[in-house]
Amino acid sequence: MRVTALAGGTGAAKLLRGLASARPRHELTIIGNTGDDTEIWGLHVSPDLDTVMYALAGRLDAMRGWGVADDTFRCLEAMGDLGAETWFNLGDRDLATHLYRTRALGDGTPLSAVTAELCRRLGVAARILPMSDDPVRTRVRTPDGWLSFQEYFVREKAQVRVLDVEYAGAAASRPAPGVLEAIREADLVVVCPSNPVTSVGPVLAVPGMAQALAAVRSRVVAVSPIVGGAAVSGPAGELMRARGLPVSPVGVAAAYAPWLGTLVIDRSDAARVPELERLGVRPVLADILMTDRDREIALAQLMLAA
Ligand code: FO1
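Residues numbered from 1 in each chain as written. Predicted model: local features only at pLDDT ≥ 70, side-chain atom pairs only at ≥ 80, totals over all residues. Heavy atoms only, no water.

Participant: Looking at this model, I keep getting lost on unusual backbone geometry. Mind explaining?
Facilitator: Of all residues except glycine, most have a negative phi; of all peptide bonds, most are trans. With phi around 50°, Trp41 is a residue other than glycine that occupies positive phi space. By the secondary structure assignment, Trp41 is in the loop between strand S3 (38–40) and strand S4 (43–45). Even without a glycine there, the phi angle at Asp70 is positive, about 60°. Structurally, Asp70 can be placed in the loop between helix H2 (47–56) and helix H3 (74–81). (Helix = DSSP H or I, 4+ residues; strand = E, 2+ residues; numbered from the N terminus.)

Participant: Hey, could you run me through the packing of helix H4 (residues 92–106) against helix H5 (residues 111–121) in this one?
Facilitator: Two quantities define a packed helix pair, namely the angle between the axes and the distance from one axis to the other. Across the interface, H4 lies against H5 with an axial gap of 10 Å and an inter-helix angle of 140°. At the point where H4 passes H5, the crossing takes the right-handed sense. Packed against H4, whose contacting residues are Thr97, Tyr100, Arg101, Ala104 and Leu105, the element H5 presents Leu111, Val114, Glu117, Leu118 and Arg121 at the interface. (Axes fitted to C-alpha atoms, helices over the stretch in contact; angles between N-to-C directions. Left-handed = near helix turned anticlockwise from the far one by under 90°. Contact = heavy atoms within 4.5 Å.)

Participant: It is not clear to me how the site of the ligand should be interpreted in this structure. Could you clarify?
Facilitator: Neighbouring residues of the ligand: 14 residues in total, closest Asp36, Asp48, Trp66, Asn89 and Gln150. Contacts to the ligand include Gln150, whose side-chain N or O atom sits 2.7 Å from an oxygen atom. If the ligand stood free it would expose 530 Å²; the protein chains cover 89% of that surface. Of all the elements in the fold, those that place two or more residues in the shell around the ligand are H2 and helix H6 (149–155). Of the residues forming the shell around the ligand, the biggest block, 4 residues, is contributed by H6. (Near = heavy atom within 4 Å. Polar contact = N/O pair within 3.5 Å; in protein donor to acceptor, adjacent residues only side chain to side chain. Areas by Shrake-Rupley, 256 points an atom, 1.4 Å probe, with all protein chains shown as cover.)

Participant: Would you take a moment to explain the domain arrangement of the protein chain for this structure?
Facilitator: It is common to give the size of an interface as the accessible area that goes away when the parts come together. Domain annotation for the protein chain reports domain 1 (3–138 + 170–305) and domain 2 (139–168). For domain 1 versus domain 2, the separation of C-alpha centres amounts to 19 Å. Each partner contributes residues to the interface: domain 1 has 20 residues there, and domain 2 has 20 residues. Summed over both sides, the interface of domain 1 with domain 2 buries roughly 1700 Å², with 63% coming from carbon and sulfur. The largest per-residue losses of area from domain 1 upon contact with domain 2 belong to Trp87, Thr138 and Arg243, which jointly make up 34% of the total buried on that side. Applying the counting criterion to the domain 1 and domain 2 interface returns 0 salt bridges. Inspection of the region where domain 1 meets domain 2 yields 9 residue pairs in polar contact (both at pLDDT 80 or more). Contributing elements (two or more residues each) for the side of domain 1 that touches domain 2: strand S6 (137–142), helix H8 (196–205) and helix H10 (236–242). (Domains from an automatic or database assignment. Buried area = accessible area lost by both parts, 1.4 Å probe. Salt bridge = Lys/Arg side-chain N within 4 Å of Asp/Glu carboxyl O.)

Participant: Please explain H4 as it appears in this structure.
Facilitator: An α-helical segment advances 3.6 residues per turn. Residues three or four places apart therefore align on the same side. With 15 residues, H4 should reach 21 Å at 1.5 Å per residue; the first-to-last C-alpha distance of 21 Å fits that figure. All buried positions along H4 are accounted for by Asp94, Leu95, Thr97, His98, Arg101 and Ala104. Of the surrounding elements, those touching the buried residues of H4 are S4, H2, H3 and H5. Trailing H4 by a residue or two, Gly108 shows a phi angle of about 100°, which is positive. (Expected span 1.5 Å × (residues − 1). Buried < 20%, exposed > 50% of the residue type's maximum accessible area, 1.4 Å probe, protein only.)

Here you go:
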């Protein structure tokens, strides 16, 4: 069975870890968001690709949900001594990934090839593809002007009002090699419980993606990142509101309706079933909070069966 997953970072990592260890055996391809990519100290950082890669390599810091487990921050401290900006916490081991990637990109290697090489070296069996080799950057408009996604999320701790979101560069971008084929040829397309606006939104903004998904709609299954009236984690609620979407599984279904077949929602949201059906989305009720490894695998198995 070929499974292709659309993924952001922290929210996706748990389900992907579950999918990677769930039986029956299947081939797993992950299409990762690069709208969060940023440049720190001259280094190209791809937070969502790295979160997924570290999760599948067994190296992700479980408490933070990003970066390398047991990392230290000595370089960050030293950069602070030199007066550099230190609001984005790059760990010492994590730095190796960014140095490796930045050098390869500088040599002209596309992001997709660098990502494949990093995965090979870290022993990741799943295929991780960036959504595009071209730069697409999520930007957030606040009352004080536009911010990059990381300035909004990390530096401002998502505590500023969001008026608008854009995906700069998306219109001119192309899907990375293998991305459209991975969607077309998949037996199942999983949309991870990631932020619909800033994790899944940028992937959909790449020309050709929404059409490719719509063509296999009955095979596309998403997990809601919203339970009740709030996001399971992160600022998805605020960003959905800024986009005029209700902060509920119905808002997720409305955003994905043109290409979504099935939405897995939490049992506590059972009252929403008729509204999802009216949007033409098949609802499946499950325990979607992945509070431990067994629940990650249980939800992954439910997706494979769905
Ligand atoms: N998230 C934070 O909240 N604070 C940080 O300092 C931070 C540093 C960081 C470094 C490398 C990396 O790969 C991810 C990092 N993240 C940090 C997470 C990142 O901002 C978010 O996971 C995503 O961009 C949202 O999906």
